[in-house]
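Chain residues, written in single-letter form:
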Amino acid sequence: MNENLFASFTTPMMMGVPIVVLIIIFPSILFPSPNRLINNRLATVQQWLIQLVSKYMLSIHNYKGQTWALMLMSLILFIGSTNLLGLLPHSFTPTTQLSMNLGMAIPLWAGTVVMGFRHKTKASLAHFLPQGTPLPLIPMLVIIETISLFIQPVALAVRLTANITAGHLLIHLIGGATLVLMNINPVTALITFIILILLTILELAVALIQAYVFTLLVSLYLHDNT
Amino acid sequence: MLATGLTLYLLSKEIYVINHETISGAVVLSLAVYGIKKYGPAVAAFADRLMEEELARFESLKGAYIAGCEKGIEDEKKQQWRVEGRHYLFDAKRNNIAMILEANYRERLLTASREVKKKLDYQVALQQLKRSMERDHMINWVEQSVWQSVTAQQEKESIAKCILDLKALSKTAQASL
């Protein structure tokens, strides 16, 4: 039971060939690139959606911040699509692997920090001390702020991993429970109902993408545009 | 037919194992079907509306260009018609100028003739003056010479003659009465 539960989180191999790369690349097939002036329905809706999201997400930034538009939009699309595809049965979600999330979080966060230090050195250094702190507390506060800065990428990665993994585990557990309890009838309907609600809530995994990109975006904003 | 047979075969031989993922897959599938059945036509209509708006935008642009070109053609035709009627304008202008020139010419002619007449009058008046002065002078000279030529004797004799004539005349007059 234990081995079966966590078996879906291992890196998928087929006869010793790691096909996880294919799985990561797969969602890009589902987003057609608009070829013509007037496209089919899917491409039109996709175009409209991306325009909507990018408009809301990039309205905060100034010119320098808006050069990150492509990066942020592809990030939100990738994470959203992989999370949604992971809800299907027998599928593998790449974002459940901490390695991958760290690989996304650390470079992006480091990029914003370095950019902030390069362009606005004084302001970036000034972030380490909030305004209006009494004099004896300053050394302690600088240490705390440094720690909180360095924990940002780890928090980003672990947040995403933990949320998705926990959701998947819950689905598997409750599905297994329903399977076992089907021989004992009256409780089954209730548990299926719970599964339904849980799944609907888990579809707010897309909201998690929002949280991910939003956090990244806030960090970028604070570093760059203050 | 094939789907039913294949499913039953896979299930009975446990080639497809029913585990927790089957249940979660069934729930996801039912949710997806419910969502598509309920919101599918609305989303499709929305996408169609987006496409229609885009197309209408481009069509209106194209129509505006075509209308602009047609208007240009109309204006060009009108210009050509105006060019054909241009000679009326030129004739009117030409007549106008000819009239002005004529009037100018006549005016100057009049002035010239008046000047010439003035000069000729002057010459005439000069000649007349000269003649009258000559005449007066001649008359004066004749009178003076006559006065000078009439001596005292002749004057007495003429006066006596005149008296005699007068007497004779008076006699005859008395006779006639």
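Chain B goes by ATP synthase subunit b in an unreviewed UniProt entry, where it is assigned to Ailuropoda melanoleuca. Per its UniProt entry, chain B bears the Sequence similarities (unreviewed entry) comment "Belongs to the eukaryotic ATPase B chain family."

Where an unreviewed UniProt entry is consulted, chain A appears under the name ATP synthase subunit a, with the organism given as Ailuropoda melanoleuca. For chain A, the Sequence similarities (unreviewed entry) comment in UniProt is given as "Belongs to the ATPase A chain family."

Within chain B one finds four helices and zero strands. When the helices and strands of chain B are read in sequence order from the N terminus, they spell out α-α-α-α. Carbon and sulfur atoms make up 65% of the accessible area of chain B, which totals about 15,900 Å².

This paragraph deals with the nonpolar core. Residue and element names in this part refer to chain A. Membership of the largest hydrophobic core comes to 25 residues, with the highest contact counts inside it found for L75, I79, M104, L160, Y212 and V213. When contributions to this core are tallied by element, the ones reaching two or more residues are α3 (41-58), α5 (69-85), α6 (98-119), α8 (138-181) and α10 (205-225). A total of seven residues in this core trace back to one element, the largest contributor, which is α10. Ignoring anything within four residues of it in the chain, the contact list for L160 reads I79, N83, T95, N101, M104, L208 and Y212. Of all hydrophobic cores here, the second largest spans 10 residues; its members include L87, I171, I191 and I195.

Facing 24 residues of chain A, the contacting portion of chain B comprises 21 residues. Summed over both partners, the interface of chain A with chain B comes to about 2,000 Å²; 80% of that surface belongs to carbon and sulfur atoms. Among the residues chain A hides against chain B, the three largest losses belong to A:I38, A:R41 and A:H90. Together they make up 26% of the total. Our count for the chain A to chain B interface comes out at one salt bridge. The salt bridge partner of A:R41 is B:D48, with a shortest N-O separation of 2.8 Å.

This next bit is on the UniProt feature "transmembrane region" (unreviewed entry) in chain A. Residues and elements named next belong to chain A. Per the UniProt entry, the sites bearing "transmembrane region" (unreviewed entry) are residues 12-31, 67-86, 98-117, 137-158 and 189-222 in this numbering. Helix makes up 100% of residues 98-117 and strand 0%, whereas the separation of the span's terminal C-alpha atoms amounts to 28 Å. In the segment residues 137-158, helix accounts for 95% and strand for 0%; the C-alpha atoms at its two ends are 30 Å apart.

This paragraph deals with the packing of aromatic side chains. Tallying each qualifying case throughout the model produces two aromatic pairs over all chains. Taking the centre distance of 4.7 Å and the plane angle of 75° together, the rings of A:W48 and B:F46 count as edge-to-face. Of this pair, A:W48 sits in helix α3 while B:F46 sits in helix α2 (residues 20-84), placing the two residues on different chains. A cation over an aromatic ring shows up here: A:K55 above the ring of A:Y56, its NZ or CZ 5.6 Å from the ring centre.

About the cut-offs
Residues numbered from 1 in each chain as written. Chains lettered and ligands numbered in written order. Predicted model: local features only at pLDDT ≥ 70, side-chain atom pairs only at ≥ 80, totals over all residues. Heavy atoms only, no water. UniProt positions renumbered as here; feature names shortened; annotations may be inferred. Helix = DSSP H or I, 4+ residues; strand = E, 2+ residues; numbered from the N terminus. Areas by Shrake-Rupley, 256 points an atom, 1.4 Å probe, with all protein chains shown as cover. Core = buried A, V, L, I, M, F, W, Y, C linked by side-chain atoms within 4.5 Å. Buried < 20%, exposed > 50% of the residue type's maximum accessible area, 1.4 Å probe, protein only. Contact = heavy atoms within 4.5 Å. Buried area = accessible area lost by both parts, 1.4 Å probe. Salt bridge = Lys/Arg side-chain N within 4 Å of Asp/Glu carboxyl O. Phe/Tyr/Trp six-rings, centres within 6.5 Å; stacked < 30°, edge-to-face > 60°. Lys NZ or Arg CZ within 6 Å of the ring centre and 35° of its normal.

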